[in-house]
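Structural overview
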Amino acid sequence: MSKPVSKHICIIGHGAIGLLWGHHFTAAGHRVTFMSRRQQLPPSKQCFTSYDGIESVNEFTFSHQLPHHCDFVLVTTKAYQVFDAISPFLAKITAPIILLHNGMGAVEALPLATYQQVMLATTTHGALINEDSLNHTGLGNTIIGNYQGLTDRELEHWQQLLGSALPTVEVHHNIQLPLLLKLAINCVINPLTAIHQCKNGELLSSEFDNQIDKLIHEVQQVISKLEPDWPHSEASLKQAILDVASATANNYSSMAQDVKYGRTTEIAYINGYLLKQADKLHIPLRETKKLIINLSEVDKY
């Protein structure tokens, strides 16, 4: 497979996942510009520790403005930041856009033009900002799919480019399925670890069994109605959730960390998204509502 031609990539959002892609794109020979909303821009030289423990320093451009030309735009902000981060620049963006964030529902609020090409993506790579360095803490895979305007051939092109920088990358022709699966997993792991301020692996304790079962029942009721091709039963969904909790046993979820540090969580785009869909379907979600109310004590939902 030939090496992709060098691209100019604009990344909106320089949290852990945005920086992770930035470091890997740079290592693969691409030029990276980060758009930032911070008044004081970060230093251009950024330290990185790979999953193998190899340390390096990469140089990026940080800017308040959209580059005059870029080959594609990767959005890695929190879900609740997507609209404010990209909508002021949408009319100027002619390159394909990839939205990569937790939760669902952010893309529907964007004033997209019909000509714009938009992909949705989800990843299981893990990264952690540690003082002035980024650590790649967990290997995973990334799934991309068409939301608007891309052909199968174009999707395969972007799959190749992304995968050459940070493998592995898959194309899913019904991107809603992997997005809904991640939503289902996050609907259970994230709020429970946030409320109890525990690591993901602690949810494997029998004390959480009853509550997890109730949440899975509610999640399954809604998603099985939203997606006709949904392949999971409550039993297989529970196994998928426990597998993730086990595989990330020593990690704190992003929502647990947001609560710990007093930041806004993505509850509105995870459990809140599920609740909105349930209301449309007239399905009561008592356990989900309890979690949202509980979390609202520390996060104004």
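Look a little higher up for the structure.
Described below are features of the structure shown in this document.

Parameters at a glance
- Residues numbered from 1 in each chain as written.
- Predicted model: local features only at pLDDT ≥ 70, side-chain atom pairs only at ≥ 80, totals over all residues.
- Heavy atoms only, no water.
- Buried < 20%, exposed > 50% of the residue type's maximum accessible area, 1.4 Å probe, protein only.
- Helix = DSSP H or I, 4+ residues; strand = E, 2+ residues; numbered from the N terminus.
- Pairing = 2+ DSSP bridges.
- Right-handed = clockwise from strand over helix to strand, strands pointing away.
- Contact = heavy atoms within 4.5 Å.
- Phe/Tyr/Trp six-rings, centres within 6.5 Å; stacked < 30°, edge-to-face > 60°.

Brief notes about the pairing of strand β1 (residues 8–12)
Taken across its 5 residues, β1 has 5 buried, putting it largely inside the fold. Burial along β1 is two-sided: His8, Cys10 and Ile12 and Ile9 and Ile11, pointing in opposite directions, are all buried. In this structure, β1 lies alongside strand β2 (residues 31–35), joined through 5 bridges in parallel fashion. Directly across from His8, in β2, lies its bridge partner Arg31. In this view, the connection linking β1 to its parallel neighbour β2 by way of helix α1 (residues 16–27) has right-handed handedness. Pairing between β1 and strand β6 (residues 72–75): 4 bridges, direction parallel. Across the sheet, residue Cys10 finds its bridge partner in β6, namely Val73.

A short note on the environment of Ile223
With respect to the helices and strands, Ile223 occurs in helix α5 (residues 209–226). In this structure Ile223 comes out as buried when scored by relative accessible area, which is 0%. Ile223 sits 40 residues away from Leu183 along the chain, and the two C-alpha atoms are 9.6 Å apart. Residues within four places of Ile223 in sequence aside, it is in contact with Leu180, Ala184, Trp230 and Leu274.

Considering the packing of aromatic side chains
According to the stated counting rule, one finds 6 aromatic pairs in the structure shown. Taken together, a centroid distance of 5.8 Å and an interplanar angle of 75° make the contact between Phe25 and Phe72 edge-to-face. Of the two residues, Phe25 sits in helix α1 while Phe72 sits in strand β6, which places them 47 residues apart along the sequence. Residues Phe25 and Phe72 agree in their burial class; the two are buried. Taking the centre distance of 5.0 Å and the plane angle of 65° together, the rings of Phe72 and Trp158 count as edge-to-face. With a gap of 86 residues between them, Phe72 in strand β6 and Trp158 in helix α3 (residues 152–165) connect regions that are remote in the sequence. Under the relative-accessibility criterion, Trp158 is labelled buried at 7%. Here the aromatic cluster, defined as three or more aromatic residues joined through ring pairs, consists of Trp21, Phe25, Phe72 and Trp158.

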